[in-house]
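Listed here are the chains, written in short residue letters.
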Amino acid sequence: MDRSFLTNAWIVEASRNFVCIRLATYEDAEEAEFLKEIFAGRTGELENTVFCLLGPDGRERLSRAHRGTNQVFRTPRQMAAEMDKIAEQYPARETDEAPALPQMKDFRLGLNVAACDGLPVVAVVAEDQEQLKELQTRLSPLALSPELAGRFAYASIHDHDQLKPISGDKPEAGYLIIAPDEYGIAGTAQQVIAADASAEEIASVLGDFADEFEPPAKDHHQHVRSGKEAGIDWQTEIPVTDPMANRARQRGGPGKGKGGPPPRRRKR
Amino acid sequence: MKRFVNRPGMVLFSLMIAGYLNCQTQESAANEINSGIAWYGVLSDGLAEAERTGKPILLVSAAPQCIGVSGMW
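The structure displayed is predicted, hence computed values, not measured ones.

1. Regarding the overall build of chain A
Step number 1: Check the secondary structure of chain A and you find eight helices and seven strands.
Step number 2: Relative to the compact-globule value of 18 Å for 268 residues, chain A shows a C-alpha radius of gyration of 20 Å, a close match.
Step number 3: The principal-axis extents of the C-alpha atoms in chain A amount to approximately 75 × 50 × 35 Å.
Step number 4: Looking at chain A as a whole, 49% of its 268 residues qualify as buried.
Step number 5: Carbon and sulfur atoms make up 47% of the accessible area of chain A, which amounts to about 14500 Å² in all.
Step number 6: Taken as two groups, the 33 positive and 43 negative side-chain charges of chain A have centres that lie 17 Å from each other.

2. Let's talk about the confidence of the model for chain A
Step number 1: Per-residue pLDDT for chain A averages 91, and the proportion of residues at 70 or more is 93%.
Step number 2: Note on residues 255-266 of chain A: pLDDT is under 50 here. Beyond four places in sequence and across chains, it has five contacts.

3. Regarding the environment of B:Pro8
Residues and elements named next belong to chain B.
Step number 1: When you line up the elements, Pro8 lands in helix 1 (residues 7-31).
Step number 2: By relative accessible area, which is 62% here, Pro8 ends up exposed.
Step number 3: Spatially, the C-alpha atoms of Pro8 and Tyr40 are 55 Å apart, while their sequence positions differ by 32 residues.

4. Digging into the interface of chain A and chain B
Step number 1: In this complex, chain A contributes 86 residues to the contact, which on the side of chain B involves 42 residues.
Step number 2: Taken together, both faces of the contact between chain A and chain B bury some 5800 Å²; the carbon and sulfur share is 64%.
Step number 3: Counting the contacts that link chain A with chain B gives zero salt bridges.
Step number 4: Across the contact surface, chain A and chain B share 34 residue pairs in polar contact (both at pLDDT 80 or more).

5. Comments concerning the side chain of A:Gln131
All names here are of chain A.
Step number 1: Tracing the backbone through its elements, the reader meets Gln131 in helix 5 (residues 129-143).
Step number 2: The buried category is assigned to Gln131, whose relative accessible area is 19%.
Step number 3: Not counting residues up to four positions away in its chain, the partners in contact with Gln131 are Ala126, Ala173 and Ala195.

6. Concerning the pattern of salt bridges
All names here are of chain A.
Step number 1: The full count for this structure, using the stated rule, is nine salt bridges over all chains.
Step number 2: Here Lys85 and Glu82 are joined by a salt bridge, their closest N and O atoms 3.6 Å apart. Taken together, the positions of Lys85 and Glu82, both in helix 3 (residues 76-89) and three residues apart, correspond to about one turn of that helix.
Step number 3: Of the residues examined, Glu82 reaches a relative accessible area of 26% and is grouped as partly exposed.

7. A few points about the sheet that holds strand 2 (residues 57-62) of chain B
Step number 1: Reading across from one edge, 2(A)-2(B)-1(A)-1(B) is the order of the four strands in this open sheet, with mixed pairing throughout. The open sheet terminates on both sides in strands that have one partner only, identified here as strand 2 (50-54) of chain A together with strand 1 (39-40) of chain B.
Step number 2: Alignment of strand 1 (residues 19-24) of chain A against strand 1 of chain B, held across two bridges, turns out to be parallel. Considered in strand 1 of chain B, the bridge of A:Cys20 is made with B:Trp39.

8. Details of the nonpolar core
Step number 1: Within the largest apolar cluster, 23 residues are counted, with the highest numbers of intra-cluster contacts made by A:Ile21, A:Ile38, A:Leu54 and B:Leu59.
Step number 2: Going through the elements one at a time, strand 1, helix 2 (29-38) and strand 2 of chain A together with helix 2 (43-53) and strand 2 of chain B are the ones with two or more residues in this core.
Step number 3: Counting residues per element, this core draws most heavily on helix 2 of chain A, at four residues.
Step number 4: Filtering out sequence-adjacent residues up to four positions away, A:Ile38 remains in contact with A:Val50, A:Cys52, A:Leu54, A:Arg61, A:Ala65 and B:Leu59.

9. Describing the confidence of the model for chain B
Step number 1: Confidence in the prediction for chain B averages 76 pLDDT; 58% of positions are at 70 or higher.
Step number 2: Here the complex is predicted with pTM 0.85, and the ipTM for its interfaces comes to 0.91.

10. Digging into the sheet that holds strand 3 (residues 121-125) of chain A
Residues and elements named next belong to chain A.
Step number 1: Taking strand neighbours across the sheet as the criterion, the five strands line up as 4-3-6-7-5 in an open arrangement whose pairing is mixed. Each end of this open sheet is capped by a strand with a single partner; those strands are strand 4 (153-157) and strand 5 (166-167).
Step number 2: Note: strand 3 against strand 6 (residues 174-180), five bridges, orientation antiparallel. When the sheet's bridge partners are listed, Val121 is paired in strand 6 with Ile178.
Step number 3: Running over the sheet, helix 5 touches strand 3, strand 4 and strand 6 and is turned about 150° from strand 3.
Step number 4: Helix 6 (residues 199-212) contacts strand 3, strand 6 and strand 7 (187-194) of the sheet and is inclined by roughly 150° relative to strand 7.

Basis of the calculations
- Residues numbered from 1 in each chain as written.
- Chains lettered and ligands numbered in written order.
- Predicted model: local features only at pLDDT ≥ 70, side-chain atom pairs only at ≥ 80, totals over all residues.
- Heavy atoms only, no water.
- Helix = DSSP H or I, 4+ residues; strand = E, 2+ residues; numbered from the N terminus.
- Rg over C-alpha atoms; globule rule 2.2 N^0.38 Å.
- Buried < 20%, exposed > 50% of the residue type's maximum accessible area, 1.4 Å probe, protein only.
- Areas by Shrake-Rupley, 256 points an atom, 1.4 Å probe, with all protein chains shown as cover.
- Lys, Arg positive; Asp, Glu negative; His and termini not counted.
- Charge placed at Lys NZ, Arg CZ, Asp CG, Glu CD.
- pLDDT = per-residue confidence, 0-100.
- Contact = heavy atoms within 4.5 Å.
- Buried area = accessible area lost by both parts, 1.4 Å probe.
- Salt bridge = Lys/Arg side-chain N within 4 Å of Asp/Glu carboxyl O.
- Polar contact = N/O pair within 3.5 Å; in protein donor to acceptor, adjacent residues only side chain to side chain.
- Pairing = 2+ DSSP bridges.
- Core = buried A, V, L, I, M, F, W, Y, C linked by side-chain atoms within 4.5 Å.
- Axes fitted to C-alpha atoms, helices over the stretch in contact; angles between N-to-C directions.

Structure (structure tokens):
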């Protein structure tokens, strides 16, 4: 995924007037069908990445769809300008209803995505569904605030066994800040925010933590190589259908074959 | 012999350089932000939020693994 656009300041600013949905490809069959309708590759299959700007109904296309932002827009500035024009046509309306928490489908995926992004995770831990809903509702406006947006990954714990890969003190209920390991399959508990903490207290703790958190530096090739050596084998919910990704997997790595890259053809 | 010095030209050139540097500084400052995009990771949650607010949608998807190695897009 090309993140140069999506971390650009103009795009981040323009995104405040959008609902930003980032799906993990191949992790949900229904979502995969939705994505395939938005953009499918030459083979007609879902590929690793998809991008599109849509209307509030999730169907109206407001931009071309393609694999990535840089296949549709030349520069982040151009994309931000287009987003601003679109936002003027779709002004946000105020409602009394609290927003949903911008979280991942489950904790396992949340930990992985956090590792991909170099972010800490906030796990919402509760003893029952009612408490979970209450904790999510208190957190969601903060997660969407300009001060905290994009600084944490979020996931909810429905079963305390899900926290087994996490070392350190874990609460029965509350907000658990976790630093994921480099592969996003385990992590370390960093701080607990009590279940009865006020929104102000939560915002203060999260803000301070985010200011201090330093993600590990990662090199793509080194990460994949060491992951393979360590036996890391992430199982997707549905099969990967990106032809390039599958060819890379058969070769044993991105850009590498069993005998190295294919030889260049001589000019005749 | 008096050397010809194009003072207005030099002033204009200096202003242009200053303006360019200012833009670069602003661009650098604009890119130095701490917060990012708040992503909905579940389609139904995001669609519900769009319906609730009337906001348009920025949709992306990416695979959080590379040839089976997680922790990397």
